[in-house]
Amino acid sequence: THTGAFRVHLLLAVDHSDASDKAVKFVADCFQKAAADSVKVTLFHVVESLPSFVVPAHHGAESKEIFAEAADAWEKANQKAGEELLATCRDQLVSAGFSASAVAVKLAQRDSLPEAKQVVAAQTIIAEMQSGAYDVIVMGRRAKSPVSDSFVGTVASKVLREAAGKTVWIID
């Protein structure tokens, strides 16, 4: 299921972690010589936004408006940070020898409560993995939290569990 000259299509899930930076560098280093004519990369990032039901219903109209404005500002800041992250990762791959046409970017915005963001990110990556014609899924082992240093991160472990029949590279 390949289009054009590309023989391998990678889904490279990125976030703001060191492990994600290493995954981008790994892909750049591994494929820099072959990138121009055989490898396509889709950079993928999930941006969280607060669901509308989080706006307090029992407060006055002014409180609701203030909260909604704060939530909107937070969402826009997250989206801008996600777009900047994708642009930086894209620039890294192009600098390593990938042609600009071989690197696509996708930003997925999903409603998520802060305590559920890892689950939502994993579900979104899984949905993209299953909906696209990807040969390899590449992601960092864990996010910024040092709590789970000895474990595969929550997002990566959920993606691995759902990756039957897919090749997944977890970079540490």
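Scroll up to find the structure.
Counting restarts for each chain: residues are numbered from 1 in the order of the written sequence. pLDDT decides what is reported in this predicted model: residues at 70 or higher carry local features, side-chain atom pairs at 80 or more are listed and counted, and totals for whole chains, interfaces and linings draw on all residues regardless. Note: side-chain values were computed over all heavy atoms of the structure, leaving out hydrogens and water.

**As for the side chain of Thr124**
Argument step 1. Secondary structure follows DSSP: runs of H or I at least 4 residues long count as helices, runs of E at least 2 residues long count as strands, and numbering of each begins at the N terminus. Among the secondary structure elements, Thr124 is positioned in helix 4 (residues 117-131).
Argument step 2. What makes Thr124 buried here is its relative accessible area of 5%.
Argument step 3. The contact partners of Thr124, leaving out residues within four places of it in the chain, are Phe44, Val46, Ala108 and Arg110. Relative accessibility thresholds used throughout: buried, under 20% of the residue-type maximum; exposed, over 50%; partly exposed, between the two (1.4 Å probe, protein chains only). In this description, contact between two residues means that some pair of their heavy atoms is separated by no more than 4.5 Å.

**Focus: the pattern of salt bridges**
Argument step 1. We define a salt bridge as a side-chain nitrogen of Lys or Arg found within 4 Å of a carboxyl oxygen belonging to Asp or Glu. By the definition in use, this model includes 5 salt bridges.
Argument step 2. In this structure, Asp72 engages Lys76 in a salt bridge whose closest nitrogen and oxygen atoms are separated by 3.2 Å. In this pair, Asp72 and Lys76 both sit in helix 3 (residues 61-95), 4 residues apart, roughly one turn of the helix.
Argument step 3. A residue is classified by how much of its surface remains accessible, and Asp72, at 34% relative accessible area, is partly exposed.
Argument step 4. Note that Arg141 is salt-bridged to Asp172, the shortest N-O span being 3.5 Å. Within this pair, whereas Arg141 is found in the loop between strand 4 (136-140) and helix 5 (154-161), its partner Asp172 is found in the segment after strand 5 (167-171), the two being separated by 31 residues in sequence.

**Comments concerning the sheet that holds strand 4**
Argument step 1. Should DSSP find at least two bridges between two strands, the strands are regarded as paired. Strand order in the open sheet formed by 5 strands is 3-2-1-4-5, and the pairing between neighbours is parallel. With one partner strand each, in any of the chains shown, strand 3 (103-111) and strand 5 form the two edges of the open sheet. Ignoring which end each strand starts from, the neighbouring axes of this sheet average 20° apart.
Argument step 2. With 5 bridges joining them, strand 4 and strand 5 adopt parallel strand pairing. From the neighbouring strand, Ile137 faces strand 5, where its bridge partner is Val168.
Argument step 3. Relative to the sheet, helix 4 contacts strand 1 (8-13), strand 2 (39-49), strand 3 and strand 4, its axis offset from that of strand 2 by approximately 145°.
Argument step 4. To obtain an axis, a line is fitted to C-alpha atoms, over the contacting stretch when the element is a helix, and the angle between two such axes runs from 0 to 180 degrees between their N-to-C directions. Packing against the sheet, helix 5 makes contact with strand 4 and strand 5, and its axis sits at approximately 160° to strand 4.

**Focus: the packing of aromatic side chains**
Argument step 1. Aromatic pairs are defined between Phe, Tyr and Trp rings, using the six-membered ring for Trp, whenever the two ring centres lie within 6.5 Å; interplanar angles under 30 degrees are classed as stacked, those over 60 as edge-to-face, and all others as tilted. According to the stated counting rule, one finds 2 aromatic pairs in the structure shown.
Argument step 2. Summarising the aromatic geometry, the rings of Phe26 and Trp169 are spaced 5.8 Å apart at their centres and angled 85° between planes, so their arrangement reads as edge-to-face. Here Phe26, found in helix 1 (residues 18-31), pairs with Trp169, found in strand 5; they are 143 residues apart in sequence, far enough to count as distant.
Argument step 3. A residue is classified by how much of its surface remains accessible, and Phe26, at 31% relative accessible area, is partly exposed.
Argument step 4. The exposure class of Trp169 is partly exposed, given its relative accessible area of 28%.
Argument step 5. Seen from their ring centres, Phe31 and Trp169 are 6.1 Å apart, and the 10° between their planes marks the pair as stacked. Taken together, the residues Phe31 in helix 1 and Trp169 in strand 5 connect sequence positions 138 residues apart.
Argument step 6. Residue Phe31 is classed as buried on the basis of its relative accessible area, which comes to 15%.

**Topic: the side chain of His9**
Argument step 1. Mapping His9 onto the fold places it in strand 1.
Argument step 2. The buried category is assigned to His9, whose relative accessible area is 16%.
Argument step 3. Discounting residues that sit within four places of it in the chain, His9 has contacts with Lys40, Val41, Thr42, Ala133, Tyr134, Asp135 and Val136.

**Some words on helix 3**
Argument step 1. Each helix should span, by expectation, one fewer than its residue count multiplied by 1.5 Å. Taking 1.5 Å of rise per residue, the 35 residues of helix 3 would be expected to cover 51 Å, and the 51 Å separating its terminal C-alpha atoms lies within 8% of that figure.
Argument step 2. Within the span of helix 3, buried status applies to Ala71, Gly82, Leu85, Leu86, Cys89 and Leu93.
Argument step 3. In this structure, the buried side of helix 3 is in contact with strand 1, helix 1, strand 2 and strand 3.

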